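# Chains, contacts and geometry: an overview
Here is how the chains run, residue by residue.
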Amino acid sequence: MANHHNNLLQLTYIRTLVLFGQSAAILFALYALQATLNVWMVGSTLLALTLLNLMTYLRLKSGWPVTEPEFFTQLMADVVLYGCLLFQTGGATNPFIFLLLIPLIISAATLSQRYTLLTATLMVAIYSSLLVYFIPIIQPEEHHQHALLDLFDLHVTGMWINFMLTVALVTWFIVRMRQSMHRQQERLEAEREKRIHDQQLLSLATMAAGTAHELGTPLSTMRVLISELQDEYQDNAELQEDLELMQQQIDSCSDRLQHFSRSVRDEQASQISEPIDQILDTVIEQWMILRPEVTYSLNVLNTSSAPKVSSSTSLRQSILNLLNNAADAQPKGIQVELDWDESNITLQIHDRGPGLSLEAHDNLGKPFVTTKGRGLGIGLFLTATTLARYDGSVRLYNHPDGGTLTEVIIPRNSQND
């Protein structure tokens, strides 16, 4: 966002220079050229410009922000006052006619394109009117009248053409230059965000690799202990059921760690496309092993053949992260809906939890930010990153019926189908 407060302050300095310059030029015309001027009208215009400058300077002392429309209005006031001053001092014959270009240059450098075009339009209209309507400051002598009028017509016509070309060039090149600088700034900002994002992903990958290596030992120890407990309490059916569930959980963790170690190599070697409903069934099956306390309903809204997407561990893990988030909010009554059309694949997960606070909604998707006391704050961040590879997105809303609605959208394209 442009700093219009500072721009308006610079404008007061420019007005001060214009006031001193025009006052000196008018005094020179009165006493050196014996020009015919209405001193009261000229003085009133300079006084109005002085008062506007003082009021602007006092306004800058307040804490109110200077908006773009306000700054544009200030420039329009300058254009009108400059036009009044030029009308009283020879109109288009005044060599200071290009004073009108000052507001245009400032507008092109600081305001949006529409305001610059409005400024240019008003300036052309004022300049064109000054070709016909003005108060001459020097009256030609009668015996030179025809020659002077011919020269005057040629001079004024050339100045008008020059002014039009100058307006066009200033408007075109400065606006284009400003737009180019703005686009370059946006690209640099996007590149900076991408670099920070990549650094965060690299840090997470490094931590994940180290954690996967270190978890092997405690999992092996737990597997041995569970086996001993199963042998020792064979007569306790309820305990045997719990131990069997724990064994399944440990086996699932071990399988996940082993799969993690070879997933990158396998996925780089081959990319397999699978129907999205089969991928979702596989993820839900794994989810039920990890979260047996969950109750859910799955509804596939479309009866046509399901579109295929590039099946990867990261995509399946992303969907699993979202399902786990819903289960953490409220494991009972989770609704999962899958739909697709000619453009997109849509997956919606509705939990019955407490929903999202305003603060949580603003920070969702940032790394290490979580709404769960025991969460690490990386699940949604990694999910959004993975979906971005598919040109997809994930959004979370507060559902009108309560809880949180998680919506995943994956575009259908030639790469996926």
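Above: the structure in question.
The model shown is predicted, which means the values in this text are computed figures rather than measured ones.

### Looking at the overall build of the protein
What the protein contains, in helices and strands, is 11 helices and seven strands. For the protein, the proportion of its 417 residues judged to be buried stands at 34%. Across the protein, the fraction of contacts at a sequence separation of at least 24, relative to all contacts at a separation of at least 6, is 74%. Summed over all atoms, the accessible surface of the protein reaches about 24800 Å², with 60% contributed by carbon and sulfur.

### With respect to the pairing of strand S4 (residues 334-340)
Residues Ile-334, Val-336, Leu-338 and Trp-340 point to one face of S4 and are all buried, whereas Gln-335, Glu-337 and Asp-339, pointing to the other face, are not buried. As paired strands, strand S2 (residues 296-300) and S4 are joined by five bridges and run parallel to one another. The partner of Ser-297 across the bridge, within S4, is Gln-335. Counted along the chain from S4 to the antiparallel partner strand S5 (residues 344-350), the turn is three residues long.

### Description of the packing of aromatic side chains
Per the counting criterion, the structure on display carries two aromatic pairs. With a centroid separation of 4.7 Å and an interplanar angle of 40 degrees, the aromatic rings of Phe-72 and Tyr-115 are classed as tilted. A residue pair is termed long-range when its members are at least 10 positions apart, and Phe-72 in helix H3 (residues 68-88) and Tyr-115 in helix H5 (residues 113-130) qualify at 43 residues. Accessibility classification places Phe-72 together with Tyr-115 in one group, the buried group. Seen in terms of ring centroids, Trp-287 and Tyr-296 are 5.8 Å apart; in terms of plane orientation they differ by 55 degrees. Their pairing is tilted. Overall, the relative accessible area of 0% leaves Trp-287 in the buried class.

### Overview of the packing of helix H4 (residues 101-110) against H5
Between H4 and H5, the least distance of the axes is 9 Å, while the angle of their chain directions is 170 degrees. As judged from the angle between their axes, H4 and H5 are roughly antiparallel. Two secondary-structure elements touch here, H4 through Leu-101, Pro-103, Leu-104, Ser-107 and Ala-108 and H5 through Tyr-115, Thr-116, Thr-119, Ala-120 and Met-123. Here the residues of the contact of H4 with H5 sort into seven nonpolar, three polar and no charged.

### Concerning the pattern of salt bridges
Pairs can form between side chains of opposite charge whenever their charged atoms are close. Tallied over the entire structure, the rule returns five salt bridges. Between Glu-70 and Arg-59 there is a salt bridge, with its nearest N and O atoms 2.5 Å apart. On the criterion of sequence distance, the pair formed by Glu-70 in helix H3 and Arg-59 in helix H2 (residues 39-59) is long-range, its members being 11 residues apart. Judged by relative accessible area, which is 23%, Glu-70 ranks as partly exposed. Close ionic contact of Asp-251 with Arg-223 constitutes a salt bridge, the shortest N to O distance being 3.6 Å. Linking Asp-251 in helix H7 (residues 237-269) with Arg-223 in helix H6 (residues 145-232), this pair joins segments that are 28 residues apart in sequence. Taken together, the shared-partner salt bridges in this structure form one network comprising Arg-291, Glu-293 and Asp-328.

Criteria and thresholds
Residues numbered from 1 in each chain as written. Predicted model: local features only at pLDDT ≥ 70, side-chain atom pairs only at ≥ 80, totals over all residues. Heavy atoms only, no water. Helix = DSSP H or I, 4+ residues; strand = E, 2+ residues; numbered from the N terminus. Buried < 20%, exposed > 50% of the residue type's maximum accessible area, 1.4 Å probe, protein only. Contact = heavy atoms within 4.5 Å. Areas by Shrake-Rupley, 256 points an atom, 1.4 Å probe, with all protein chains shown as cover. Pairing = 2+ DSSP bridges. Phe/Tyr/Trp six-rings, centres within 6.5 Å; stacked < 30°, edge-to-face > 60°. Axes fitted to C-alpha atoms, helices over the stretch in contact; angles between N-to-C directions. Parallel < 35°, antiparallel > 145°, perpendicular 65-115°, else oblique. Nonpolar A, V, L, I, M, F, W, Y, C, P; charged D, E, K, R; others polar. Salt bridge = Lys/Arg side-chain N within 4 Å of Asp/Glu carboxyl O.

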